[in-house]
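# Observations on chain architecture
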Amino acid sequence: PSRADGSNMLSAMLDGSTDGEQALLLRKMAKRDTVTKLKALGELREALSAHGASWAAELMPHWVPHFVRLSGDGSWQVRESACAALGQLASLLGRQLAPHLRPLMAAWLCAKHDPHGGTAAAAAAAFGVAFPNPRKYADALLFCRDELARGLAER
């Protein structure tokens, strides 16, 4: 992770926008080691189950850049686990996911078309939770169209 990631995390902890458990999980997800990232993603899913929607809502602004990075990880296990965690977040947050769609959408769509079938299935399942009908899916794509164009051009 870059020094900026660490300083952003530290400032988030100091200003109270994340609790210690969230900060620790985010720090583990920022490591280079695949095993550490996988453990952190598993711990995140356990914490989401234990803490619920309000904890997830507090985490979401900090999770988004991590998901974008993890969804492009070299390990298919990390990519798949990140998509599964995003699905769990979408399930907990419902409409509260909307403010975070723009920065997420390009990475999420790329994950839906990942060459590893499990990753693509996890990303598609997360989409199904977030957008249960074709109309909502189309509305989300329209809402994010500018960010999608930029994000897909960068990838």
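Look up a bit, the structure's there.
It should be emphasised that the depicted structure is a prediction, and the values quoted were computed from it without experimental measurement.

## What to know about the overall build of the protein
Of regular secondary structure, the protein possesses 9 helices and 0 strands. For the protein, the sequential pattern of α-helices and β-strands runs α-α-α-α-α-α-α-α-α. Here the protein holds 155 residues, and 41% of them are scored as buried. Here the contacts in the protein between residues at least 6 apart in sequence split such that 66% fall between residues at least 24 apart. Accessible area of the protein: about 8000 Å², with a carbon and sulfur share of 56%.

## Regarding the side chain of R79
Of note, R79 is situated in helix α5 (residues 76-93). A polar contact of 2.8 Å, which involves the side chain of R79, links it to the backbone oxygen of D73. Beyond its immediate chain neighbours, meaning those up to four positions away, R79 contacts L70, S71, G72, D73, G74, D114, H116 and T119.

## With respect to the nonpolar core
If you look at the biggest cluster of nonpolar residues, it comprises 41 residues, and the most contacted ones within it are L44, W63 and W108. For this core, the secondary-structure elements that each account for two or more residues are α2 (20-29), α3 (34-51), α4 (53-70), α5, α6 (101-112) and α7 (117-130). Among residues more than four places away in sequence, those in contact with L44 are L25, M29, W55, L59, W63 and A85.

## Quick notes on α2
If you check which residues of α2 are buried, you get Q22, A23, L25, L26 and M29. Within α2, the buried residues cover an arc of 165 degrees as seen down the axis, which keeps them to one side. Of the residues flanking the start of α2, the one acting as N-cap is D19, its side-chain oxygen 3.1 Å from the backbone nitrogen of E21.

## Re the layout of surface pockets
Here the largest pocket is characterised by a volume of approximately 330 Å³. Lining the largest pocket are 14 residues, with G94, R95, A130, F131 and K136 sitting closest to its centre. Within the residue set of the lining of the largest pocket, elements represented by two or more residues are α7 and α8 (134-143). With 4 residues, α8 is the single largest residue contributor to the lining of the largest pocket. Across the lining of the largest pocket, the residue classes tally to 10 nonpolar, 1 polar and 3 charged.

## Let's talk about the pattern of salt bridges
Between side chains of opposite charge, a pair can form as their charged atoms come close. Going through the model one piece at a time under the given rule, you end up with 6 salt bridges. K28 is paired through a salt bridge with E43; the nearest N and O atoms lie 2.9 Å apart. Here E43 lies in helix α3 and K28 lies in helix α2, a separation of 15 residues in the sequence. A salt bridge links D73 to K37; its shortest N-O distance comes to 2.4 Å. On the criterion of sequence distance, the pair formed by D73 in the loop between α4 and α5 and K37 in helix α3 is long-range, its members being 36 residues apart. By relative accessible area, D73 is classed as buried at 12%.

What counts as what
- Within each chain, residues carry numbers counting from 1 in the order of the written sequence.
- With the structure being a predicted model, the display of local features is reserved for residues of pLDDT at least 70 and the display and counting of side-chain atom pairs for 80 or more, all residues being used for whole-chain, interface and lining totals.
- Side-chain numbers come from the whole structure's heavy atoms, not from hydrogens or water.
- The numbering of helices and of strands both runs from the N terminus, where a helix is a DSSP run of H or I of at least 4 residues and a strand a run of E of at least 2.
- Exposure categories follow from relative accessible area, calculated using a 1.4 Å probe and restricted to protein chains: below 20% of the type maximum is buried, above 50% is exposed, and the middle band is partly exposed.
- Here, two residues are considered to be in contact whenever any of their heavy atoms come within 4.5 Å of each other.
- Computed with a 1.4 Å probe, the accessible areas rest on the Shrake-Rupley method; for each residue, only the protein chains presented here act as cover.
- Side-chain atoms alone can form a polar contact between residues adjacent in sequence; in general such a contact is a pair of N or O atoms within 3.5 Å, and within protein one must be able to donate a hydrogen while the other accepts it.
- For our purposes a nonpolar core is just a set of buried Ala, Val, Leu, Ile, Met, Phe, Trp, Tyr and Cys residues, chained together by side-chain atoms within 4.5 Å.
- As used here, the arc is the angular range of directions from the helix axis to the C-beta atoms.
- Grid points spaced at 1 Å over the protein atoms alone were grouped into cavities, where a 1.4 Å probe fits but cannot get out, and pockets, open sets with protein on both sides within 12 Å along at least five of seven lines, with lining residues defined by an atom within 4 Å of a point.
- Grid points are joined across faces, edges and corners, and a volume is the space filled by probe spheres set on the points.
- Basically, the charged four are Asp, Glu, Lys and Arg, the nonpolar ten are Ala, Val, Leu, Ile, Met, Phe, Trp, Tyr, Cys and Pro, and anything else, Gly included, counts as polar.
- Throughout this description, the term salt bridge denotes a Lys or Arg side-chain nitrogen within 4 Å of a carboxyl oxygen of Asp or Glu.

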